[in-house]
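Fold and geometry: a report
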Amino acid sequence: LGWAVWKTYVGRPESNQYRIQAMGLLGGALRLSSQCEAAIQIFKAKLALLERFWPHEVGSILGTQTNMANCIYELGRPIEALSLEREIYARRVAIHGDSHHDTIQAGTSLAISLNSLGLWEHGKRLARDQLLPVARRSLGADNDLTLEINLNLANALQEDSDHTHDDLVEAE
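Figured I'd write up the structure that's included with this text.

What counts and what doesn't
Residues numbered from 1 in each chain as written. Predicted model: local features only at pLDDT ≥ 70, side-chain atom pairs only at ≥ 80, totals over all residues. Heavy atoms only, no water. Helix = DSSP H or I, 4+ residues; strand = E, 2+ residues; numbered from the N terminus. Expected span 1.5 Å × (residues − 1). Contact = heavy atoms within 4.5 Å. Buried < 20%, exposed > 50% of the residue type's maximum accessible area, 1.4 Å probe, protein only. Salt bridge = Lys/Arg side-chain N within 4 Å of Asp/Glu carboxyl O.

1. Topic: helix α5 (residues 78-96)
- Here α5 contains 19 residues, and its C-alpha end-to-end distance of 26 Å stays within 8% of the 27 Å for a straight helix at 1.5 Å per residue.
- Buried residues along α5 sit in contact with α4 (58-74), α6 (101-116) and α7 (120-138).

2. Here's the deal with the environment of Ile88
- Assignment of secondary structure puts Ile88 in helix α5.
- Taking the relative accessible area as the measure of exposure, Ile88 reaches 4% and is therefore buried.
- On a C-alpha basis, the gap between Ile88 and Ile40 in space is 16 Å, while along the polypeptide they are 48 residues apart.
- Ignoring anything within four residues of it in the chain, the contact list for Ile88 reads Leu62, Gln65, Thr66 and Ala106.

3. Section: the pattern of salt bridges
- On inspection of all chains with the given rule, the structure shows 6 salt bridges.
- Among the salt bridges present, the one from Arg31 reaches Glu74, with a minimum N-O distance of 2.5 Å. One end of the pair, Arg31, is in helix α2 (residues 17-32); the other, Glu74, is in helix α4, with 43 residues separating them in the sequence.
- The exposure class of Glu74 is partly exposed, given its relative accessible area of 42%.
- In this structure, Glu37 and Arg77 form a salt bridge, with 3.3 Å as the shortest nitrogen-oxygen distance. Residue Glu37 is found in helix α3 (residues 36-53), and its partner Arg77 is found in the loop between α4 and α5; the two are separated by 40 residues along the sequence.
- What makes Glu37 partly exposed here is its relative accessible area of 42%.
- Classification of Arg77 by relative accessible area gives partly exposed; the value is 29%.
- Among the charged side chains, a network of salt bridges with common partners joins Glu37, Arg77 and Glu80.

Listed below in structure tokens is the structure:
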């Protein structure tokens, strides 16, 4: 379906909004079909067009970068993906503030990546000290994203080989 959409809009000018949307759909379809290298190329091209014609569309730019980071991670390059995730989170904080849903989501993804790389202290600190208080305040304690942060923190507290008894109590 991604290719069909792309073929429909490829002949339009680079500044056409439907063409840029088609690129996003194609990149997403390639990623879902485990063709991440190709998807990254599509996302890079989309990013270049966004920055050229729609530099004010920061949400679209950051969303495209997030898709690229996900592809890079899926290709087994987690350090490279982590670097991009840090940039995305920092930009979201700067633009939207720390209590915006998209900022909290970007921070959660960053914390998960930190933990998956065994960078437990960084991941726990981000989740415990920054994300969780803000998510509880702005989204509510029962929000799915707040619960995801809680779960991620609990897993990090348990998985860290240097965990303390207090960490295990907190994880429960």
